[in-house]
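# Per-entry structural report
Next come the chains, spelled out residue by residue.
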Amino acid sequence: MRRLAALSIRWKVTLASMIASVTVLAVACAVFFAHELGRARVNLGRSLQVRADTIGLVSAASILFDDPKAAGEILEASRVDPGIVTAAIYALDGRPFATYRRRASEENAPVVALAADTMEGRFVGDRRLVTRPIDFKGKRVGFVALESDLADLSDVKSGFMLAALLVLALCIGIGWLLALQLQRLVTRPILALVESARTISRDRDYSVRVVVRGGDEIGVLARSFNEMLEQVEERDVELEAARGTLEHRVAARTRELQLEIGERCQVQATLVRQTEELTRSNADLEQFAYVASHDLQEPLRIVASYTQLLAETHDGQLGPDAEKYVRYAVDGALRMQNLISDLLAYARVARAPAPPQTVASGDLLSRALDNLQLTIEESGARVTHDELPMVRCNSSQLVQLFQNLVGNAIKFHGERSPKIHVEAVCRDGETEFSVRDNGIGFDSKYAAKIFVIFQRLHARGKYSGTGIGLAVCKKIVEHHGGRIWVESRVGQGSTFFFTIPQAAPDREAKEEVRHVGVEAS
Amino acid sequence: MVTSSRRLVAGLLAALVWSAALRTVPTAAGTRTPTEYDVKAVYLLNFARFVEWPDAGFATATAPFAICVLGSDPFGSTLDETLAGETIAGRNLVTRRIAHPTDATTCQIVFTGASETTRLPAIVDALAGRPVLTVGDETAFTQRGGMISFRLEQSTVRIDVNPEAIRRSGLSMSSQLLRLARIVSAQP
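Computed from a predicted structure; not experimentally measured.

A word on the pattern of salt bridges. Any two side chains of opposite charge can pair, so long as their charged atoms come close to each other. Enumeration according to the criterion identifies 29 salt bridges over all chains in this entry. Two residues, arginine 202 of chain A and aspartate 203 of chain A, come together in a salt bridge whose shortest N-O distance is 3.2 Å. It is possible to trace a salt-bridge network through shared partners that takes in Arg151, Glu153, Asp160 and Arg182 of chain B.

Tallied over the full model, the rule gives 18 aromatic pairs over all chains. Ring geometry for phenylalanine 451 of chain A versus phenylalanine 496 of chain A: centroids 6.1 Å apart, planes at 90 degrees, classification edge-to-face. With phenylalanine 451 of chain A in the loop between strand E10 (430-437) and helix H10 (469-479) and phenylalanine 496 of chain A in strand E12 (residues 494-501), this pair connects stretches of sequence that are 45 residues apart. The burial state of phenylalanine 451 of chain A is the same as that of phenylalanine 496 of chain A; both residues are buried. Judged by centre distance (5.9 Å) and plane angle (25 degrees), the ring pair of phenylalanine 47 of chain B and phenylalanine 150 of chain B falls under stacked. Residue phenylalanine 47 of chain B is located in helix H2 (residues 36-50), and its partner phenylalanine 150 of chain B is located in strand E9 (residues 148-153); the two are separated by 103 residues in the primary sequence.

Let's shift gears to the sheet that holds strand E7 (residues 109-112) of chain B. Residue and element names in this part refer to chain B. Across the sheet, which stays open at both edges, the eight strands sit in the order E5-E6-E4-E7-E8-E9-E10-E12 with mixed pairing between neighbours. Strand pairing shows two members of the sheet lacking a second neighbour, strand E5 (87-88) and strand E12 (182-183), which therefore form its edges. Relative to strand E6 (residues 91-98), E5 is paired through two bridges, and the arrangement is antiparallel. Each bridged residue has a counterpart across the sheet, and for threonine 87 the counterpart in E6 is asparagine 92.

The next point concerns the packing of helix H2 (residues 9-64) of chain A against helix H4 (residues 151-203) of chain A. All names here are of chain A. H4 packs onto H2 with a crossing angle of 160 degrees between their chain directions and a minimal axis gap of 7 Å. Between H2 and H4, the angle falls in the class roughly antiparallel. Here H2 runs over H4; the crossing is right-handed. Along the lines of polarity and charge, the residues of the contact of H2 with H4 split into 27 nonpolar, five polar and five charged.

Moving on, we get to a positive patch on the surface. All names here are of chain A. Taken together, Arg10, Arg184, Arg188 and Arg213 make up a surface patch of like positive charges. Counting through the fold element by element, arginine 10 comes out in helix H2. Residue classification places arginine 10 among the partly exposed positions, given a relative accessible area of 36%.

Residue and element names in this part refer to chain A. The N-to-C vectors of H4 and helix H5 (residues 217-313) enclose an angle of 15 degrees; their axes lie 10 Å apart at closest approach. Taken together, H4 and H5 sit at an angle that is classed as roughly parallel. As for how H4 packs across H5, the hand of that crossing is left-handed. Touching Val186, Pro189, Ile190, Leu193, Ser196, Ala197 and Ile200 of H4 are Ile218, Leu221, Ala222, Phe225 and Leu229, all from H5. Considered class by class, the residues forming the contact of H4 with H5 number 11 nonpolar, one polar and no charged.

Rules used throughout
- Residues numbered from 1 in each chain as written.
- Chains lettered and ligands numbered in written order.
- Predicted model: local features only at pLDDT ≥ 70, side-chain atom pairs only at ≥ 80, totals over all residues.
- Heavy atoms only, no water.
- Salt bridge = Lys/Arg side-chain N within 4 Å of Asp/Glu carboxyl O.
- Phe/Tyr/Trp six-rings, centres within 6.5 Å; stacked < 30°, edge-to-face > 60°.
- Helix = DSSP H or I, 4+ residues; strand = E, 2+ residues; numbered from the N terminus.
- Buried < 20%, exposed > 50% of the residue type's maximum accessible area, 1.4 Å probe, protein only.
- Pairing = 2+ DSSP bridges.
- Axes fitted to C-alpha atoms, helices over the stretch in contact; angles between N-to-C directions.
- Parallel < 35°, antiparallel > 145°, perpendicular 65-115°, else oblique.
- Left-handed = near helix turned anticlockwise from the far one by under 90°.
- Nonpolar A, V, L, I, M, F, W, Y, C, P; charged D, E, K, R; others polar.
- Patch = residues over 30% accessible without salt bridge, like charges linked within 9 Å, V, L, I, M, F, W, Y side chains within 5 Å.
- Areas by Shrake-Rupley, 256 points an atom, 1.4 Å probe, with all protein chains shown as cover.
- Lys, Arg positive; Asp, Glu negative; His and termini not counted.
- Charge placed at Lys NZ, Arg CZ, Asp CG, Glu CD.
- Contact = heavy atoms within 4.5 Å.

The following block contains the structure:
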């Protein structure tokens with residue numbers, strides 16, 4: 001079966017037509033054979049009957065004149081028919097009047113039951129029996145019986161077989177030649193199609209076209225094939241064009257990107273350089289501020305000490321103007337001392353040598369409140385707080401932060417006694433602290449300004465301070481990698497928020513600290 | 001095949017026994033073996049069947065078919081018994097006993113017994129040219145101008161025929177009968 005499937009369509013078509021024609025022929029032969037055989041049997045029966053009737057007709061006289069010899073001679077004439085095996089003439093009373101045997105070995109006479117129902121011929125085994133009455137001038141005078149073998153039939157059979165075989169062989173031969181010729185009608189266009197398909201798939205040449213012959217299914221197939229090829233070709237061209245455009249566009253885009261990357265690299269390099277410069281100048285500035293405030297402290301202490309000494313020792317001895325001047329000088333010196341000390345604190349934030357630790361922020365708040373105890377008692381402030389979480393931080397700086405914020409809140413209280421509440425929430429990997437007061441508040445448009453160093457919202461006469469405290473706060477929070485901001489409305493109090501990351505402060509901040517530290521030493 | 005052969009043989013034997021039992025002639029007196037004249041009576045009837053008579057041979061269209069016995073009658077009652085009820089071509093069969101050859105002109109068949117041997121020429125002359133079948137009981141009958149004569153051959157009745165005589169009389173005899181008979185021509 002698989003071998004048959006692999007066979008060329010040429011042979012399949014030839015085989016199919018051969019099988020069909022040979023089958024039809026064989027069936028026709030079989031039908032003819034059956035028909036012929038039937039007819040031969042009928043003919044045999046009929047000819048036997050005719051022969052029997054003839055014998056009867058001729059032998060009537062011999063029966064009537066009781067001449068068995070003459071009857072025997074008549075029967076003997078049956079010898080011309082080799083099919084007749086035995087024959088007999090019976091008198092009316094049933095006695096065998098004359099008999100005939102083709103060969104001595106044959107039975108004496110065929111069995112004849114002399115009854116009307118046996119008058120018809122019948123086949124007994126390989127013999128056929130025919131019994132006919134002998135009538136003469138309307139009177140029955142006897143019976144004749146013939147027994148024939150079926151040699152004639154087998155002759156007919158073998159003759160027909162031979163003829164059928166010859167016809168079959170001849171027809172197979174002619175049919176094969178015809179099928180070989182006729183199959184080309186069907187297979188030639190198919191094979192041409194196959195050849196074209198092979199050429200196309202081998203050479204990838206889609207410009208090849210199949211020659212279309214006729215409007216039958218193969219013609220339709222060939223036309224469809226050609227249309228398909230056209231489409232493939234068109235698509236090929238389009239694809240080629242698209243590919244060209246695409247390459248072009250990719251090249252252009254690549255160029256643009258290269259230019260862009262170059263620019264970005266330059267920008268980045270500039271940025272890095274500027275950052276470095278900025279970092280260096282920042283460090284220089286801090287170094288300068290630290291060194292300056294540290295070194296300024298000593299002469300200032302002398303100025304402050306001696307002007308105070310002058311005011312104490314010469315109290316009432318100087319003129320009123322002189323006393324006023326000395327008081328101004330003492331005030332200025334003290335203010336300058338505060339300023340310098342605050343500046344030092346500000347500068348120190350970046351220089352903090354202590355590594356961060358995980359501590360309870362509630363403890364840190366308590367320490368800040370201890371430091372502020374005098375101020376709190378004086379102002380009658382009430383400071384409350386929720387439960388505060390553990391944070392990882394530089395604890396002295398966080399104490400400073402709380403101290404500045406709570407101190408600020410107390411300082412800018414209104415006419416009511418100050419109430420301050422500290423709470424904390426943990427969200428998005430950081431802890432958000434808030435310090436809320438019921439103080440004077442301020443316009444929220446200044447919310448960014450207040451964290452800038454030396455910036456003040458109020459006249460120095462109304463609220464004391466150096467304008468450094470919130471700048472220090474901002475610096476501490478940023479040093480820990482957090483953010484600080486404020487929400488406030490005039491007369492409604494302010495709330496300061498700051499966040500401390502729950503993870504360790506990022507590495508860059510540490511690097512910077514170390515860098516600055518190294519330069520300072 | 002063996003079975004069917006045996007059956008054939010058995011059937012054959014049965015047929016033989018059966019036919020032997022029937023080889024008798026039914027008569028008024030009962031069943032007996034047929035005598036020579038029983039056979040000859042049947043033969044006379046059979047001659048009527050194998051010979052054709054012209055219509056001119058009969059007086060009328062419905063005239064009976066007459067079988068006549070000339071002279072002494074050797075048949076006795078046998079002939080009448082044999083012919084009783086038989087017809088030939090639609091005509092009734094009758095038997096007549098005649099004494100003179102001239103009486104025979106209205107007969108279709110004339111049987112001449114042994115007693116008439118001396119009158120043979122007269123009989124032949126009387127019936128010359130007439131369609132009357134002459135049958136003689138004597139073998140020489142045909143040689144002396146008769147048409148058919150009986151002859152005994154090993155106790156079997158056989159017949160001689162003189163076709164020339166038959167032809168001259170205007171009768172025609174079936175070739176079947178001629179085939180069975182011994183052909184004889186008249187002696188000069």
